[in-house]
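Structural overview
So the chains spell out like this:
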Amino acid sequence: MAKTPAAARDAAALAPFPTRRSWAEPWKVKVVEPLRMTTRKAREKANIDAGFNTFLLRSADVYIDLLTDSGTSAMSDGQWAGMMLGDEAYAGSRNFYNLEATIQKYYGYTYVVPTHQGRGAENLISQILVKPGMYVPGNMYFTTTRLHQELAGGTFVDVIVKEAHDPAADLPFKGNVDLDAFAALIRKVGAKKIPYITIGATVNMAGGQPISMANIKAVHALAKTHGIKVILDATRAVENAWFIQQREPGYARKSVATILREFCGYSDGCTMSGKKDALVNIGGWLAVNDRDVYEEASNLVVVYEGLHTYGGMAGRDMEAMARGIVESVQDDHMRARIGQVQYLGQKLIDWGVPIVRPVGGHAVYLDAKAFYPQLTQDQFPAQTLAAELYEDSGVRAMERGVVSAGRDAKTGKHRYPKLELVRLTIPRRVYTQAHMDVTAESVLAVWQQRARVRGLTMVYEPKYLRFFQARFERL
Ligand SMILES: *Cc1c(COP(=O)(O)O)cnc(C)c1O
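Worth saying up front: this structure is predicted, and the values here are computed from it rather than measured.

Another point: the overall build of the chain. Summing up its helical and strand segments, the chain has 17 helices and 14 strands in all. In terms of overall dimensions, the chain is globule-like: its C-alpha atoms have a radius of gyration of 23 Å, near the 23 Å expected for 475 residues. The principal-axis extents of the C-alpha atoms in the chain amount to approximately 70 × 65 × 45 Å. In the chain, buried positions account for 57% of the 475 residues. Contacts in the chain between residues at least 24 apart in sequence constitute 73% of all its contacts with a sequence separation of at least 6.

Glancing now at the domain arrangement of the chain. Entries for the chain in the domain assignment read domain 1 (40-69 + 331-474) and domain 2 (77-328). Look at where the C-alpha atoms of domain 1 and domain 2 centre, and you get two points 26 Å apart. Domain 1 puts 34 residues into the contact, and the matching count from domain 2 is 42 residues. Both sides of the domain 1 and domain 2 interface together cover about 2900 Å² of buried area, and 55% of this is carbon and sulfur. Along the contact surface separating domain 1 from domain 2 lie 6 salt bridges. The residue E239 makes a salt bridge to R428 at a minimum N-O spacing of 3.0 Å. One can count 17 residue pairs in polar contact (both at pLDDT 80 or more) joining domain 1 with domain 2. For the side of domain 1 that touches domain 2, the secondary structure elements donating two or more residues are α13 (331-350), β9 (363-367), α16 (402-405) and β12 (421-425). For the side of domain 1 that touches domain 2, the leading source of residues is α13, giving 7 residues.

This part takes up the pattern of salt bridges. Applying the stated rule across the entire model yields 26 salt bridges. Residue R146 pairs with E150 through a salt bridge whose shortest N-O separation is 3.9 Å. Taken together, the residues span about one helical turn, with R146 and E150 both in helix α6 (residues 143-151) at a distance of 4 residues. Using a relative accessible area of 10% as the deciding quantity, one classes R146 as buried. One salt-bridge network, in which partners are shared between bridges, spans D69, R236, E239, R337 and R428.

Structurally, N240 can be placed in helix α9 (residues 237-247). The exposure class of N240 is buried, given its relative accessible area of 0%. In this view, N240 contacts A201, T202, P210, I211 and F263; residues no more than four positions away in its chain are not counted.

This part takes up the sheet that holds strand β11 (residues 398-400). The strand order β9-β12-β11 describes an open sheet built from 3 strands, whose pairing is antiparallel. The outermost strands of the open sheet, each flanked by one partner alone, are β9 and β11. Within the sheet, the average angular offset between the axes of one strand and its neighbour, ignoring direction, is 35°. Both β11 and β12 contribute to a ladder of 3 bridges, which runs antiparallel. Across the sheet, M398 pairs through a bridge with R423, a residue of β12. Against the sheet, helix α15 (residues 381-393) contacts β9, β11 and β12, and its axis sits at roughly 45° relative to β12.

The next subject is α15. An ideal rise of 1.5 Å per residue puts 18 Å on 13 residues; α15 measures up with 19 Å between its terminal C-alpha atoms. Taking burial as the measure, the 13 residues of α15 include 13 buried ones, the bulk of the element. Just downstream of α15, G394 is the residue with a positive phi angle, here 85°.

Calculation notes
- Residues numbered from 1 in each chain as written.
- Predicted model: local features only at pLDDT ≥ 70, side-chain atom pairs only at ≥ 80, totals over all residues.
- Heavy atoms only, no water.
- Helix = DSSP H or I, 4+ residues; strand = E, 2+ residues; numbered from the N terminus.
- Rg over C-alpha atoms; globule rule 2.2 N^0.38 Å.
- Buried < 20%, exposed > 50% of the residue type's maximum accessible area, 1.4 Å probe, protein only.
- Contact = heavy atoms within 4.5 Å.
- Domains from an automatic or database assignment.
- Buried area = accessible area lost by both parts, 1.4 Å probe.
- Salt bridge = Lys/Arg side-chain N within 4 Å of Asp/Glu carboxyl O.
- Polar contact = N/O pair within 3.5 Å; in protein donor to acceptor, adjacent residues only side chain to side chain.
- Pairing = 2+ DSSP bridges.
- Axes fitted to C-alpha atoms, helices over the stretch in contact; angles between N-to-C directions.
- Expected span 1.5 Å × (residues − 1).

Listed below in structure tokens is the structure:
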């Protein structure tokens with residue numbers, strides 16, 4: 001229809017305004033937690049006291065806490081109401097049965113063993129399936145997952161696609177398994193020495209990158225012909241399902257919940273940290289379809305976690321997690337959750353700050369090697385960048401580089417990962433767009449001061465998962 005003069009005039013008057021319609025979070029705030037702003041001087045001291053390790057800062061000294069999205073989500077009023085319905089019976093709590101039914105419905109596995117958090121489930125499955133001398137392939141390592149595999153006598157083998165190691169490779173599914181690498185490993189060591197392949201979805205250490213439905217389907221088919229199980233690290237599988245909906249042909253009209261169910265169908269079980277997708281502060285589970293594995297797990301869980309109907313969780317925590325799962329698979333929720341991460345990432349991209357592309361599901365990853373080309377990995381560029389960011393604004397981030405990678409179990413030498421990253425992890429439903437703006441502006445300030453930065457030296461190194469407690473000094 002041709003425009004009337006009046007309509008044309010209205011359109012011209014609106015021209016400076018955006019033509020797209022914004023969306024906002026599908027919730028409003030009911031309770032607030034005050035934040036404390038600190039001075040630069042106070043943060044300089046806090047940095048020294050914490051040995052330049054953001055894990056050792058006190059949260060009272062932090063302004064915007066982007067250390068992790070683990071256990072830091074805001075629960076809904078429905079979840080809090082569920083907490084009052086906690087059935088704290090030692091055995092057979094009704095909250096367990098609700099949780100079990102919810103996992104069966106949305107994730108689709110037959111048997112559920114609750115654990116205190118994700119690593120509890122990783123311990124169980126590793127103890128049951130990994131024997132000394134075995135190999136466990138996976139689409140990039142995760143810290144606790146690999147450690148449990150190693151403690152059980154196994155060797156982790158990375159079979160993620162090469163592009164996952166390139167922060168600039170802008171591809172839709174950088175979390176995919178390199179099927180040739182997986183097949184080559186089977187040929188090399190023999191299928192009998194590979195109890196299962198771990199599939200991370202999304203891949204935390206690659207920047208929250210998703211794996212496609214087509215890829216997990218192919219992995220499952222290949223594994224099955226060799227009698228190898230597929231164990232999903234389902235910690236962020238709902239976020240992965242959202243990316244499949246957005247990016248994979250044929251899924252645009254399917255709900256996140258439908259996609260999740262199909263996705264899990266290409267695995268034989270999962271380990272899960274409820275502290276991420278499931279919107280709770282603590283909790284996790286192991287789920288499997290194999291009756292024998294279940295029986296061993298429900299026996300072992302008594303040793304490490306608690307009875308098989310609570311596994312280290314209070315009844316109220318199981319109820320909150322069951323309700324959190326239902327909320328987590330809502331399309332509206334995922335759009336807002338990942339939309340906020342994309343918002344922060346896009347700002348930094350627009351300003352020319354080097355970050356991992358494309359932006360992942362739970363975090364924006366700064367490319368510390370690109371910030372500080374003057375530093376070698378022995379001077380801990382990502383650890384340095386996290387400390388600089390904290391000092392600038394009180395924003396707390398996390399190192400994901402040589403410190404997190406740890407030492408090689410055999411040679412005792414540093415593992416030098418290709419990626420040297422700082423993770424700005426966004427808790428779910430906690431911060432506003434204004435907090436994202438403040439964060440982006442602080443990152444920009446640190447980027448602009450990058451040339452004057454010298455690195456760090458490690459002065460204390462714990463034996464296991466050193467990134468949590470290592471201490472550093474400025475060079
Ligand atoms: C957090 C996490 C885990 C471990 O879970 P916890 O609850 O912290 O023990 C395992 N895998 C991935 C991908 C994670 O993000």
